[in-house]
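Observations on the three-dimensional arrangement
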Amino acid sequence: MRKKWWFIVSGLAIMIAGYSVVQYIVFHAQQAGFVQLKLMLSATLNSFWYSMLYIHIIFGVLALVIGPFTLSSTLREKNMKRHKRLGSIYMISILFGGVAGLYLAFHATGGWVAQLGFALLSIGWLITMFQALANIKQRNIQGHQKWMLRNYALTFAAVTLRIYLPLFTVLFGFENFQYSYAVIAWLCWVPNLFVMEWYIQRKLHVFIDNRHVTKTT
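Residues numbered from 1 in each chain as written. Predicted model: local features only at pLDDT ≥ 70, side-chain atom pairs only at ≥ 80, totals over all residues. Heavy atoms only, no water.

Now for the nonpolar core. Core analysis: the largest hydrophobic core is formed by 45 residues, its most contacted members being Tyr90, Phe118 and Cys188. Those elements that provide at least two residues to this core are helix H1 (2–26), helix H3 (47–71), helix H5 (80–105), helix H6 (111–137), helix H7 (141–155), helix H8 (157–172) and helix H9 (177–187). Setting aside its immediate chain neighbours within four residues, cysteine 188 contacts Phe118, Leu121, Ala157, Thr160, Leu161 and Tyr164. (Core = buried A, V, L, I, M, F, W, Y, C linked by side-chain atoms within 4.5 Å. Buried < 20%, exposed > 50% of the residue type's maximum accessible area, 1.4 Å probe, protein only. Helix = DSSP H or I, 4+ residues; strand = E, 2+ residues; numbered from the N terminus. Contact = heavy atoms within 4.5 Å.)

Written out as structure tokens, the structure is:
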């Protein structure tokens, strides 16, 4: 089951990463539907905003694609040096992508509700990354793995956001996009974090139970 979910998550991550590269890198960002919508809503987008958008997209795509490979225990055990290199690239990507995301959050469509949602997402993204880094420096492997799982749950918001966008547009109409986007700003990451926390606690209990059984036998 874990392998099955790894392939599903990896597949979705690669699809969204590819879509983002084509939309923002192959074609100019000004042609992207998201940017066109902001311009339609009378947003003023300067060159610095576009620069931060590119930083967020490039490093976000890197984190989205690399993340599943850093979380795979099979790949980690096969080549620890490669795991460390990928982990370093992943964390650098979170640092740049998170800082850029925090700036972009204050210019998000949907008013202060959306801005707060995306700002907390970026802050949580950075905090969980630093927690994972601190734990591995202390050689706390289990703590590091747990914080990496929480971090990737936030990274995966890039996927869930793009699932909710067309769904909300169909359900509530384009005319209510700003209200929908304010909800999606929270919906794209809060449930991810809750589901991952449930998974972590479930794993922890299984590990404790197995260790208890081993000691008693």
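Let us keep going from here.
This next bit is on the layout of surface pockets. In this structure, the largest pocket encloses a volume near 1800 Å³. What lines the largest pocket is a set of 47 residues, among which Arg2, Leu71, Leu149, Met196 and Tyr199 lie closest to the centre. Going through the elements one at a time, H1, H3, helix H4 (73–78), H5, H6, H7 and helix H10 (190–216) are the ones with two or more residues in the lining of the largest pocket. Tallying contributions element by element places H10 first for the lining of the largest pocket, with ten residues. When grouped by side-chain class, the residues that make up the lining of the largest pocket number 27 nonpolar, eleven polar and nine charged. (1 Å grid on protein atoms, 1.4 Å probe; cavity = no way out; pocket = protein on both sides within 12 Å on 5 of 7 lines; lining within 4 Å. Points joined across faces, edges and corners; volume = space filled by probe spheres on them. Nonpolar A, V, L, I, M, F, W, Y, C, P; charged D, E, K, R; others polar.)

Despite not being glycine, arginine 139 shows a phi value in the positive range, around 60 degrees. The topology assignment puts arginine 139 in the loop between H6 and H7.

Next up on the list: the side chain of histidine 144. Relative to the helices and strands, histidine 144 is located in helix H7. Filtering out sequence-adjacent residues up to four positions away, histidine 144 remains in contact with Met91, Ala132, Asn135 and Ile136.

Moving on to the packing of H6 against H7. At a minimum axis separation of 8 Å, H6 and H7 run at an interaxial angle of 160 degrees. Taken as axis vectors, H6 and H7 run roughly antiparallel relative to one another. Handedness of the H6/H7 crossing: left-handed. Taking contact as the criterion, the partners of Leu121, Gly124, Trp125, Thr128, Met129, Gln131, Ala132, Asn135 and Ile136 in H6 are, on H7, Ile141, Gly143, His144, Trp147, Met148, Arg150, Asn151, Leu154 and Thr155. The class makeup of the residues in the contact of H6 with H7 is nine nonpolar, eight polar and one charged. (Axes fitted to C-alpha atoms, helices over the stretch in contact; angles between N-to-C directions. Parallel < 35°, antiparallel > 145°, perpendicular 65-115°, else oblique. Left-handed = near helix turned anticlockwise from the far one by under 90°.)

Packed helices, taken two at a time, are described by the angle between their axes plus the distance between the axes. The N-to-C vectors of H5 and H6 enclose an angle of 160 degrees; their axes lie 8 Å apart at closest approach. The orientation of H5 with respect to H6, classified from their angle, is roughly antiparallel. Along this stretch, H5 crosses H6, giving a crossing that reads as left-handed. Where H5 abuts H6, its residues Met91, Ile94, Leu95, Gly97, Gly98, Val99, Gly101, Leu102 and Ala105 lie against Gln115, Phe118, Ala119, Ser122, Ile123, Trp125, Leu126, Met129, Phe130, Ala132 and Leu133. Among the residues making up the contact of H5 with H6, the classes are represented as 15 nonpolar, five polar and no charged.

The subject of this paragraph is the environment of leucine 126. Mapped onto the secondary structure, leucine 126 falls in helix H6. In the structure, leucine 126 is positioned 30 residues away from phenylalanine 96 in sequence and 9.4 Å away in space, judged by C-alpha atoms.

In this section: the packing of aromatic side chains. Each pair of aromatic rings is reported with the distance of its centres and the angle of its planes. In this structure the tally under the stated criterion is twelve aromatic pairs. Pairing tryptophan 6 with phenylalanine 69 gives two aromatic rings, centres 5.4 Å apart and planes at 85 degrees, and the pair type is edge-to-face. With tryptophan 6 in helix H1 and phenylalanine 69 in helix H3, this pair connects stretches of sequence that are 63 residues apart. For tryptophan 6, a relative accessible area of 22% corresponds to the partly exposed category. (Phe/Tyr/Trp six-rings, centres within 6.5 Å; stacked < 30°, edge-to-face > 60°.)

These results come straight from atomic positions and should not be treated as a statement about function.
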